[in-house]
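Single-letter residue listing:
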Amino acid sequence: MNEPPTLARHLDGQREDIAKVVIAVAEVAAQLSAAISLGPLRGSMSQAVGRNTDGDRQTRLDVLADEAFAGALQDGPVLWYLSEERETVAMLNWEGSLAVAIDPLDGSSNIDANVSIGTIVSIYDALPDGDESFLRPGREQAAALYVIYGPQTAMMLTTGAGVSMFVLDRAHGEFLRAGQLYTIPAEATEFAINASNYRHWAPPIKAYIDDCLAGTDGPAGRNFNMRWIASLVAETHRILSRGGIFLYPADARPGYEEGRLRLVYECAPLAFLVEQAGGAATDGETRMLDMTPRSLHARTPFVFGSRDKVARVAAYHSLPAAEIAPLFGQRGLFKGAAS
Ligand SMILES: O=P(O)(O)OC[C@H]1O[C@](O)(COP(=O)(O)O)[C@@H](O)[C@@H]1O
Ligand SMILES: [Mg+2]
Ligand SMILES: [Mg+2]
């Protein structure tokens, strides 16, 4: 049997600066994966050590991961580095050509429960100004990736020509390409949302979820299954593997007017991957990759997954008020249009 190509071999012939960053990220991810897999044997990694600029709780693992990635990228072609764990943009190498935004550890509150967590990375060509390098639409990204630390540690990577998957071979400490390009299945009946916030949602989101819950008794005309891992990378990986839809909408709780997730280093890179896998990503209505962040740590509502489902959520936003009233079966416009 032919050996699958290593990540380094896969990147041969691609832009050298991007390849260097991806390989440096992979090396840190392999080390993090080893530390994460030891769990409590390494001491409590979910221990709170402070709060980041947004007031989110920072765990020991968040800080450790941020320092490890920044340290590894220091010697590479990265001019600007923005992290969830840092207030401002850092200059790493003044001769560098790239700007890297990172969520070093996503879903870190799940670590003690032994649930999959991840790292998300967005790569742009650097502009002369640090902030300006990130305050631009996600469609200008040169590459994006995430690493999932789960039963397998795997990296999903796009440089704008589809999505490839690499799985960490722990015995050799190397990421190997697994299979061909990834495509999100169009047909799926799973939705993911934190339903405990139902009462805080706007009417179009309530109506969409009501219709999923109504199953064959409602206008969707089919039954759905619900998932919520509370780990964005793990939700993305499930959707890339078997389709469905994820929603983290804005809601009426103080501080959630723009949802919870961060545009620059969570939503933009994941939207790039999702589109490259044939799916769609929006803030509910507008294409995520066309959105320009207002600030480095800006939040945004986030809806992504199989294309038809994402389009359907957008359509619910333009229904007349009477159509999204909380009465099952009223949405005549959608009757019989399964997606
Ligand atoms: O607890 P909630 O509101 O359901 O939020 C869960 C979301 O928050 C996150 O954990 C945010 O990421 P961080 O752990 O990087 O802050 C996502 O992974 C997840 O989708
Ligand atoms: Mg996160
Ligand atoms: Mg994080």
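Residues numbered from 1 in each chain as written. Chains lettered and ligands numbered in written order. Predicted model: local features only at pLDDT ≥ 70, side-chain atom pairs only at ≥ 80, totals over all residues. Heavy atoms only, no water.

- Looking up the protein chain in an unreviewed UniProt entry gives the name Fructose-1,6-bisphosphatase class 1, with the organism given as Acuticoccus sediminis.
- We quote the UniProt Subunit (unreviewed entry) comment for the protein chain here in full: "Homotetramer."
- If you open the UniProt record of the protein chain and go to Sequence similarities (unreviewed entry), you find "Belongs to the FBPase class 1 family." (UniProt positions renumbered as here; feature names shortened; annotations may be inferred.)

**Focus: the site of ligand 1**
Here comes step 1: Taken together, 15 residues are adjacent to ligand 1, and G107, N194, L232, Y248 and R260 come closest.
Here comes step 2: Within the side chain of D103, an N or O atom sits 3.0 Å from an oxygen atom of ligand 1.
Here comes step 3: Interatomic distance of 3.3 Å between a side-chain N/O atom of W228 and an oxygen atom of ligand 1.
Here comes step 4: Contact with the protein chains covers 86% of the free accessible surface of ligand 1, which is 480 Å².
Here comes step 5: Ranked by residue count, the leading element in the shell around ligand 1 is strand β5 (residues 98-106), at 3 residues.
Here comes step 6: Within the shell around ligand 1, the residues separate by chemical class into 5 nonpolar, 4 polar and 6 charged.
Here comes step 7: Among the domains, domain 1 (7-177) and domain 2 (190-334) are the pair contributing at least three residues each to the shell around ligand 1. (Near = heavy atom within 4 Å. Polar contact = N/O pair within 3.5 Å; in protein donor to acceptor, adjacent residues only side chain to side chain. Areas by Shrake-Rupley, 256 points an atom, 1.4 Å probe, with all protein chains shown as cover. Helix = DSSP H or I, 4+ residues; strand = E, 2+ residues; numbered from the N terminus. Nonpolar A, V, L, I, M, F, W, Y, C, P; charged D, E, K, R; others polar. Domains from an automatic or database assignment.)

**Things to note about the UniProt feature "binding site: substrate" (unreviewed entry) in the protein chain**
Here comes step 1: Mapped onto the present numbering, the UniProt feature "binding site: substrate" (unreviewed entry) falls at D106, G107, S108, S109 and N194. Considered against the largest pocket, the annotated residues that line it turn out to be D106, G107, S108, S109 and N194.
Here comes step 2: Here S109 is to be found in the loop between β5 and β6 (117-125).
Here comes step 3: What makes S109 exposed here is its relative accessible area of 56%.
Here comes step 4: Assignment of secondary structure puts N194 in the loop between β11 (190-192) and α5 (203-214).
Here comes step 5: In this structure N194 touches W201 and W228, once residues within four positions along its chain are discounted. (1 Å grid on protein atoms, 1.4 Å probe; cavity = no way out; pocket = protein on both sides within 12 Å on 5 of 7 lines; lining within 4 Å. Buried < 20%, exposed > 50% of the residue type's maximum accessible area, 1.4 Å probe, protein only. Contact = heavy atoms within 4.5 Å.)

**Details of the coordination of the magnesium ion (ligand 2)**
By definition of the ideal shapes, four donors in a tetrahedron about a metal sit 109.5 degrees apart, and six donors in an octahedron sit 90 or 180 degrees apart.
Here comes step 1: Taken together, D103 (OD), D106 (OD) and E266 (OE) make up the full set of protein donors to the magnesium ion (ligand 2), lying 1.8 to 2.0 Å away.
Here comes step 2: Taken in sequence order, the residues that donate to the magnesium ion (ligand 2) follow the motif D-x2-D-x159-E.
Here comes step 3: A gap of 3.6 Å separates the magnesium ion (ligand 2) and the magnesium ion (ligand 3), which D103 links by coordinating each metal. (Donors = N, O, S within 2.8 Å, 3.2 Å for Na, K, Ca; no water.)

**Quick notes on the pairing of strand β13 (residues 245-248)**
Two faces make up the sheet, and in a regular strand the side chains alternate between them.
Here comes step 1: Residue alternation in β13 divides its side chains into two sets, I245 and L247 and F246 and Y248, and both sets are buried.
Here comes step 2: In the sheet, β11 pairs with β13 via 2 bridges, with the strands oriented parallel. Looking across to β13, one finds that F191 is bridged to I245. (Pairing = 2+ DSSP bridges.)

**What to know about the layout of surface pockets**
Here comes step 1: In this structure, the largest pocket encloses a volume near 490 Å³.
Here comes step 2: Every residue lining the largest pocket is counted, 28 residues in all, and those nearest its centre are G107, S109, A230, R260 and R262.
Here comes step 3: With 3 residues, the top contributor of residues to the lining of the largest pocket is β5.
Here comes step 4: Partitioning the lining of the largest pocket into residue classes produces 7 nonpolar, 9 polar and 12 charged.
Here comes step 5: For the lining of the largest pocket, the two domains that each supply at least three residues are domain 1 (7-177) and domain 2 (190-334).
Here comes step 6: When its volume is computed, the second largest pocket comes out at roughly 310 Å³. (Points joined across faces, edges and corners; volume = space filled by probe spheres on them.)

**A short note on the nonpolar core**
Here comes step 1: Counting residues in hydrophobic clusters, the biggest one holds 41 residues, and the most contacted among them are L7, V22, L32, F69, L73, M155 and F175.
Here comes step 2: Per-element tally for this core: the top contributor is helix α2 (residues 16-38), with 12 residues.
Here comes step 3: Not counting residues within four places of it along the chain, the set of residues in contact with L7 comprises V22, A26, M155, L157, F166 and F175.
Here comes step 4: Grouped together as the second largest cluster of nonpolar side chains are 35 residues, A144, I184, A192 and L232 included. (Core = buried A, V, L, I, M, F, W, Y, C linked by side-chain atoms within 4.5 Å.)

**Considering the coordination of the magnesium ion (ligand 3)**
Here comes step 1: At 2.0 to 2.2 Å from the magnesium ion (ligand 3) lie its protein donor atoms, namely E84 (OE), D103 (OD) and L105 (O).
Here comes step 2: Each donor residue of the magnesium ion (ligand 3) belongs to the same chain, with the gaps between them written as E-x18-D-x1-L.

**Let's talk about the confidence of the model for the protein chain**
Here comes step 1: Overall, the predicted model of the protein chain reaches an average pLDDT of 93, with 95% of residues at or above 70.
Here comes step 2: Confidence estimates for the predicted assembly give a pTM of 0.94 and an ipTM of 0.93. (pLDDT = per-residue confidence, 0-100.)

**Details of the sheet that holds strand β10 (residues 174-177)**
Here comes step 1: Spatially, β4-β3-β5-β6-β7-β8-β9-β10 is the arrangement adopted by the 8 strands of the open sheet, whose pairing is mixed. Across the chains shown, the open sheet's two edge strands, defined by having one partner strand only, are β4 (90-91) and β10.
Here comes step 2: As defined by bridge partners, β6 adjoins strand β7 (residues 143-149) across 7 bridges and the pair is classed as antiparallel. By the bridge assignment, V121 is partnered in β7 with L145.
Here comes step 3: Relative to the sheet, α2 contacts β3 (78-83), β5, β6, β7, β8 (153-158), β9 (164-169) and β10, its axis offset from that of β7 by approximately 15 degrees.
Here comes step 4: In the packing of helix α3 (residues 60-73) onto the sheet, contacts are made with β3, β5, β6 and β7, and the angle to β5 comes to roughly 155 degrees. (Axes fitted to C-alpha atoms, helices over the stretch in contact; angles between N-to-C directions.)

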